[in-house]
Amino acid sequence: MRQLAGAAICGSGALVADGQAVTRPVSAIVSLTLDCPHACSICAVNARCTRGLAAAAAEDTARADALIAAIHDLRRLGDVSLDFSGGDPLSFPCWREVVTASSQVVGRDAVSVSTTGTLLDDAALEVLERTAGEVYLTVETVRDGRVSCRSRRSVPDAWAALDRMRQSHLVRGVALVLRASLNLSRDHLVRLYDALAEVGVSALLVLRFMPVGRASVLPHEMLSRHGTLVALDILRDLERAEGPRIRLHRLLHPLLGEPMICCGARDIYLSANGIVTDCPWAIDPSGAALPEFVLGSIHGNTIADVYLSRRAAQRRALAAVPTADCRLIQRAAHGRRPG
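Values in this document were obtained by computation on a predicted structure and should not be read as measured data.

What counts, and at which threshold
- Residues numbered from 1 in each chain as written.
- Predicted model: local features only at pLDDT ≥ 70, side-chain atom pairs only at ≥ 80, totals over all residues.
- Heavy atoms only, no water.
- Helix = DSSP H or I, 4+ residues; strand = E, 2+ residues; numbered from the N terminus.
- Rg over C-alpha atoms; globule rule 2.2 N^0.38 Å.
- Contact = heavy atoms within 4.5 Å.
- Areas by Shrake-Rupley, 256 points an atom, 1.4 Å probe, with all protein chains shown as cover.
- Lys, Arg positive; Asp, Glu negative; His and termini not counted.
- Charge placed at Lys NZ, Arg CZ, Asp CG, Glu CD.
- Buried < 20%, exposed > 50% of the residue type's maximum accessible area, 1.4 Å probe, protein only.
- Pairing = 2+ DSSP bridges.
- Polar contact = N/O pair within 3.5 Å; in protein donor to acceptor, adjacent residues only side chain to side chain.
- pLDDT = per-residue confidence, 0-100.
- Axes fitted to C-alpha atoms, helices over the stretch in contact; angles between N-to-C directions.

**A word on the overall build of the chain**
Thinking step 1. In terms of regular secondary structure, the chain is built from 10 helices and 12 strands.
Thinking step 2. In summary, the chain has a C-alpha radius of gyration of 19 Å against a globular reference of 20 Å for 339 residues, a match within 12%.
Thinking step 3. Its C-alpha atoms put the chain at 60 × 45 × 35 Å along the principal axes.
Thinking step 4. Across the chain, contacts joining residues at least 24 apart in sequence account for 76% of those joining residues at least 6 apart.
Thinking step 5. For the chain, the exposed area adds up to about 14,300 Å²; of that, 51% sits on carbon and sulfur atoms.
Thinking step 6. Taking the average location of the 38 positive side-chain charges in the chain and that of its 35 negative ones, the two points are 5 Å from each other.

What follows is the structure in structure tokens.
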């Protein structure tokens, strides 16, 4: 992730008058870095594969200070929840400082971290126990399984991280991305659910594959509506009180015959290069934000300025109108430009 100028983010002018903060909840996904220990072909952000954790450079410290200032500024809008992502957020040398400060600003329970688990050693786990309410990992197969489109170490690293977290007080969640090449048989899903329950996973977040970022060249991985519904029926049937609760991402609603409210109705996404969009999936094959979803940049503006802009308000109003399907899915399926 490239350096962001601290002065550009924190600014000196008030964004909203005292006592006039926006009262609606704001859900912010913050990409700390595009670096990642893996090189998965399914990556939605075209992350850069890196080995190990580099020492913090001056530009990393400056970026950390800038991000902390942005979180302070964002909090002035009202209640804020933060999900730190990447790449792998633990690949950012100053992630501890950013997550710790953010926890102090918005509260521990409003902070979550989505990681591959590769860099989740005991020291990192100790920090997250103090500063994050939830940690999410992507787990798409049992311990001895292999999945296509993922790096060779992604499966064993994720399971090792779940084992390491077993005795922690963190709420542990797992993301399962439904796609065509996954083993979604009842037998495999039963084994996966039981294994996740055994290590104390609290929630299984089921997502729909999105052909964005590096995965833009994999439209054949989009699972059919029938295949999706079969998998969801199996997962719902498996759910039990002592196992992970099944949580369906909003992108699945259209396949269930339900209207969908787009992410941009309450979410914002701060990319690793400082671009703010109203959709975390609006990423082209190179990893850049799709222009039609861009709300602005924190270079020269505060993040709250961007959120309160006329364009952002218009985009939120548009996103709040129920649609038959995700605009990005429509874009991929029909080549149409989303609204």
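Next comes the rest of the write-up.
**Let's talk about the environment of L119**
Thinking step 1. Mapped onto the elements of the fold, L119 is located in the loop between β5 (111-114) and α4 (122-131).
Thinking step 2. The exposure class of L119 is partly exposed, given its relative accessible area of 22%.
Thinking step 3. It is 8.7 Å that separates the C-alpha atoms of L119 and D88, two residues lying 31 residues apart in sequence.

**Quick look at unusual backbone geometry**
Thinking step 1. G87 follows G86 through a cis peptide bond whose omega is 25°.
Thinking step 2. Among the secondary structure elements, G87 is positioned in the loop between β4 (80-85) and α3 (95-106).
Thinking step 3. Even without being glycine, N46 reaches a positive phi, approximately 55°.
Thinking step 4. Its place among the elements puts N46 in the loop between β2 (35-36) and β3 (48-49).

**Considering the pairing of strand β1 (residues 26-31)**
Consecutive side chains of a regular strand alternate in pointing toward one face of the sheet and then the other.
Thinking step 1. Counted residue by residue, β1 has six buried out of six residues, so it is predominantly covered.
Thinking step 2. Side chains of β1 alternate between two faces, with V26, A28 and V30 and S27, I29 and S31 buried alike.
Thinking step 3. Sheet topology places β1 next to β4; six bridges connect them, and they run parallel. Residue A28 lies in a different strand from β4, and its bridge partner there is L82.
Thinking step 4. Pairing analysis gives four bridges linking β1 to strand β10 (residues 267-270), with the strands arranged parallel. Across the sheet, V30 pairs through a bridge with L270, a residue of β10.

**Comments concerning the environment of D35**
Thinking step 1. You can see D35 is positioned in strand β2.
Thinking step 2. If we ignore the near neighbours within four places in the chain, the residues touching D35 are R48, T50, G87, D88 and S91.
Thinking step 3. Polar contacts involving the side chain of D35 include one to the side chain of R48, which spans 3.0 Å.

**So, the confidence of the model for the chain**
Thinking step 1. Summing up the model confidence of the chain, the mean pLDDT is 87 and the portion of residues at 70 or higher is 90%.
Thinking step 2. Ranking the helices and strands of the chain by mean pLDDT puts helix α6 (residues 186-198) first, with 97, and helix α1 (residues 6-10) last, with 25.
Thinking step 3. Across residues 1-23, where pLDDT falls below 50, the model places 64 contacts with residues more than four positions away in sequence or in other chains.

**Topic: the sheet that holds β1**
Thinking step 1. Spatial strand order, β9-β8-β7-β6-β5-β4-β1-β10-β11-β12: 10 strands in an open sheet with mixed pairing. Every interior strand has two partners, whereas the edge strands, β9 (245-248) and β12 (294-297), have only one. Direction aside, neighbouring strands of the sheet carry axes that sit 25° apart on average.

**What about the side chain of D278?**
Thinking step 1. With respect to the element layout, D278 can be found in the loop between β11 (275-277) and β12.
Thinking step 2. Overall, the relative accessible area of 5% leaves D278 in the buried class.
Thinking step 3. Of the polar contacts made by the side chain of D278, one reaches the side chain of R315; its length is 2.8 Å.
Thinking step 4. Excluding anything up to four places from it in sequence, D278 contacts C263, G264, D267, F293, L295 and R315.

**Comments concerning the environment of D237**
Thinking step 1. Looking at the secondary structure, you find D237 in helix α7 (residues 225-238).
Thinking step 2. With relative accessibility at 52%, the residue D237 sits in the exposed group.

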